[in-house]
Amino acid sequence: MNTTRPAPKGLRLIPFRGLRYVPERVGSLAAVTSPPYDVVVRPDGLHHLESADPHNIVRLILPQAATAADRHRQAASTLRRWLTEGVLAPDPEPALYVYEQRHGDLLQRGVIGALALSAPAEGVVLPHEDVMPDIVEDRAALMRATATNLEPLLLTYRGGEDGSQDGTAGTTGTSGVSGVSGVSGTTAVIERTALREPLLSTTTEDGFSHRLWSVTDPAELAEIEDDLADRQALIADGHHRWATYLRLREEHPASAAGPWAYGLVLLVDTARHPLQVRAIHRLLHGLPVAEALAALEAVPGSFRVRTLEGTLPEAVRALSDAAGAGAGTAAGAGAGANNAFLLAGDGRFHLIDRPDEALLARTVRADRPAEWRALDATVLHSTLLDHIWKIPDAPEHISYIHDTEAAVEQAERHGGTAVLLHPVREEVVRELARQAVTMPRKSTSFGPKPATGLVLRSLADG
């Protein structure tokens, strides 16, 4: 009788020997962690993390040197030294890791593992944003040099008590609920594991507490495998790193089932733990606010422009009101979309909204779904950046900043323009992803994001 398990049509998450900090060799676990590499505000946030502890993970994910090649060599050298000195050490056996984040009433739990890579056309892992080739190349070069997945991507899936995916029939776990009522499969394993003593527990300076457990029991690993086998995931955070994984897999074709065919991810069931969706703001380096406003005035009727009085929170509320409850879901560009943006950098706030429908019709692609054409990020890049301000989407011209206050402060300090956006709803993101339509790069920021530095995955470990 053939007992070989069929290849899963969905997610395949396998255990790995996690690389983790040895607590006795560092000041504290909180002091060596970092936000994901693209959330660190440079240079202030980078310097703060470097000074927090000489072994802070930022020295690996954002190494500092004169050239890109030197940066990557430095990260590899630092990683080797930390391994030799026992600052980082591999766990004794392969495991999946249950990860919990908590802040006040917010609780998020998921499972970290090595996920089998798949192209977007396979419909297993759905991207929703475009990527920038230079960032993918930089992350790929860093990963080649270190042979390590330094930080997990954040992926979401929709589970249910019956193991269903978005209400469709799915596969349930085989080992039962075992004391956790009302749940099964991966969720049951996570909830049981969270009752045990964690491998580590720490609270970072942002007020989030983090706990991590290992799952090594074969029955529990099989329960997770069965549950995920028919599920589909959405990339919530980490599109550039996922593209990096795929590129490096192509570079290792002889290792079809080897370490380069998998990537480090955190999987969160958003039916149980809904994520928060925030906007990612733009910092326009070479465009002072006065010039941005003058360019808008040079195109009469392009947008309504209002200068606001009050604080940043008050201005952000005005932006939310202007975008309206249906932001990102209008019938389409040129059909009454509620696109709105907040400009800052000159000590005041300028709300621009009500774009001219004829202008949108001329500048926004017509060969995309209405939901895509109505996105604020679409209108920002197609109409404002490309047509009115004529700013190339390149790192020397535009930075992407997640934190609202940091975006405004950087713009005021350096004489640029911060463009603050209103977030898109998760269902809009997921619907576009299902249609295989990618949003403009850096359109959304899902969170809470996993802390970097709690568990790494060595590609040299097999």
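A brief structural summary.

### Focus: the packing of helix α5 (residues 133–146) against helix α8 (residues 239–251)
Line of reasoning, step 1. The N-to-C vectors of α5 and α8 enclose an angle of 60 degrees; their axes lie 9 Å apart at closest approach. With respect to their mutual orientation, α5 and α8 come out oblique. Where α5 crosses over α8, the two elements pack in a sense that is right-handed. Contacts between α5 and α8 involve I135, V136, E137, R139, A140, M143 and R144 on the former and, on the latter, H240, A243, T244, Y245, R247, L248 and E251.
Line of reasoning, step 2. Classifying every residue of the contact of α5 with α8 by side-chain character gives seven nonpolar, two polar and five charged.

### A word on the pattern of salt bridges
Line of reasoning, step 1. Throughout the structure, instances matching the rule amount to 27 salt bridges.
Line of reasoning, step 2. The closest approach of N and O atoms between D138 and R139, which form a salt bridge, is 3.2 Å.
Line of reasoning, step 3. Accessibility expressed as a relative area gives 23% for D138, which makes it partly exposed.
Line of reasoning, step 4. For R139, a relative accessible area of 8% corresponds to the buried category.
Line of reasoning, step 5. A salt bridge links E427 to R425; the nearest nitrogen and oxygen atoms lie 2.6 Å apart.
Line of reasoning, step 6. Overall, the relative accessible area of 33% leaves R425 in the partly exposed class.
Line of reasoning, step 7. Connected through shared salt-bridge partners, E100, R102, R109, E191, R211 and R272 make up one network.

### Considering the environment of I352
Line of reasoning, step 1. Topologically, I352 is positioned in strand β17 (residues 349–353).
Line of reasoning, step 2. For the pair I352 and L319, spaced 33 residues apart in the sequence, the C-alpha separation amounts to 8.7 Å.
Line of reasoning, step 3. Those residues within four positions of I352 in sequence are excluded, and the remaining contacts are L296, F303, R304, V305, N339, A340, F341, L343 and L384.

### Comments concerning the packing of aromatic side chains
The description of two aromatic rings rests on the distance between their centres and on the angle between their planes.
Line of reasoning, step 1. Evaluated as defined, the whole model comprises four aromatic pairs.
Line of reasoning, step 2. Plain terms: the ring middles of F303 and F341 are 6.4 Å apart, the flat faces sit at 70 degrees to each other, and that makes the pair edge-to-face. In this pair, F303 sits in the loop between α9 (289–297) and β15 (304–308) while F341 sits in strand β16 (residues 340–344), placing the two residues 38 residues apart along the sequence. Judged on exposure class, the residue F303 and its partner F341 are both buried.
Line of reasoning, step 3. Over the ring of Y37 we find R139, and its NZ or CZ is 4.1 Å from the ring centre.

### Concerning helix α14 (residues 404–414)
Line of reasoning, step 1. Of all the residues in α14, the buried ones are A406, A407, V408, Q410 and A411.
Line of reasoning, step 2. Downstream of α14 by a residue or two, G415 has a phi angle that is positive, lying close to 75 degrees.

### Digging into unusual backbone geometry
Line of reasoning, step 1. Here G447 and P448 are connected by a cis peptide whose omega angle stands at 5 degrees.
Line of reasoning, step 2. Turning to its location among the elements, P448 is positioned in the loop between β20 (445–447) and β21 (456–458).
Line of reasoning, step 3. One non-glycine residue, A147, lies in positive phi territory at about 50 degrees.
Line of reasoning, step 4. Note that A147 resides in the loop between α5 and β7 (148–149).
Line of reasoning, step 5. Positive phi is not limited to glycine here, since K442 has a value of about 55 degrees.
Line of reasoning, step 6. Relative to the helices and strands, K442 is located in the loop between α15 (426–434) and β20.

### Topic: the pairing of strand β2 (residues 18–21)
Line of reasoning, step 1. Residues of β2 alternate between two faces, with G18 and R20 on one and L19 and Y21 on the opposite face, all of them buried.
Line of reasoning, step 2. As paired strands, β2 and β21 are joined by two bridges and run antiparallel to one another. Among the inter-strand pairings, L19 is bridged to a residue of β21, identified as L456.
Line of reasoning, step 3. Where β2 meets strand β3 (residues 88–90), three bridges bridge the pair, whose relative direction is antiparallel.

### Examining the nonpolar core
Line of reasoning, step 1. One finds W242, L267 and W389 to be the most contacted residues of the largest nonpolar core, which totals 115 residues.
Line of reasoning, step 2. Not counting chain neighbours up to four residues away, the residues in contact with W389 comprise L284, L287, A292, A295, L296, L343, L380, L384 and V419.

### Notes on the sheet that holds β17
Line of reasoning, step 1. A sheet is described by the order of its strands in space; here six strands give the open sequence β15-β17-β16-β19-β14-β18, paired in antiparallel fashion. With partners counted over all chains shown, the strands left at the sheet margins are β15 and β18 (398–401), one partner each. Within the sheet, the average angular offset between the axes of one strand and its neighbour, ignoring direction, is 25 degrees.
Line of reasoning, step 2. The pairing of strand β14 (residues 281–284) with β18 spans four bridges and is classified as antiparallel. In the strand pairing of β18, L284 is matched with I398.
Line of reasoning, step 3. Along the sheet, α14 contacts β14, β16, β17, β18 and β19 (417–420); its crossing angle with β19, the most-contacted strand, is approximately 160 degrees.

Analysis parameters
- Residues numbered from 1 in each chain as written.
- Predicted model: local features only at pLDDT ≥ 70, side-chain atom pairs only at ≥ 80, totals over all residues.
- Heavy atoms only, no water.
- Axes fitted to C-alpha atoms, helices over the stretch in contact; angles between N-to-C directions.
- Helix = DSSP H or I, 4+ residues; strand = E, 2+ residues; numbered from the N terminus.
- Parallel < 35°, antiparallel > 145°, perpendicular 65-115°, else oblique.
- Left-handed = near helix turned anticlockwise from the far one by under 90°.
- Contact = heavy atoms within 4.5 Å.
- Nonpolar A, V, L, I, M, F, W, Y, C, P; charged D, E, K, R; others polar.
- Salt bridge = Lys/Arg side-chain N within 4 Å of Asp/Glu carboxyl O.
- Buried < 20%, exposed > 50% of the residue type's maximum accessible area, 1.4 Å probe, protein only.
- Phe/Tyr/Trp six-rings, centres within 6.5 Å; stacked < 30°, edge-to-face > 60°.
- Lys NZ or Arg CZ within 6 Å of the ring centre and 35° of its normal.
- Pairing = 2+ DSSP bridges.
- Core = buried A, V, L, I, M, F, W, Y, C linked by side-chain atoms within 4.5 Å.

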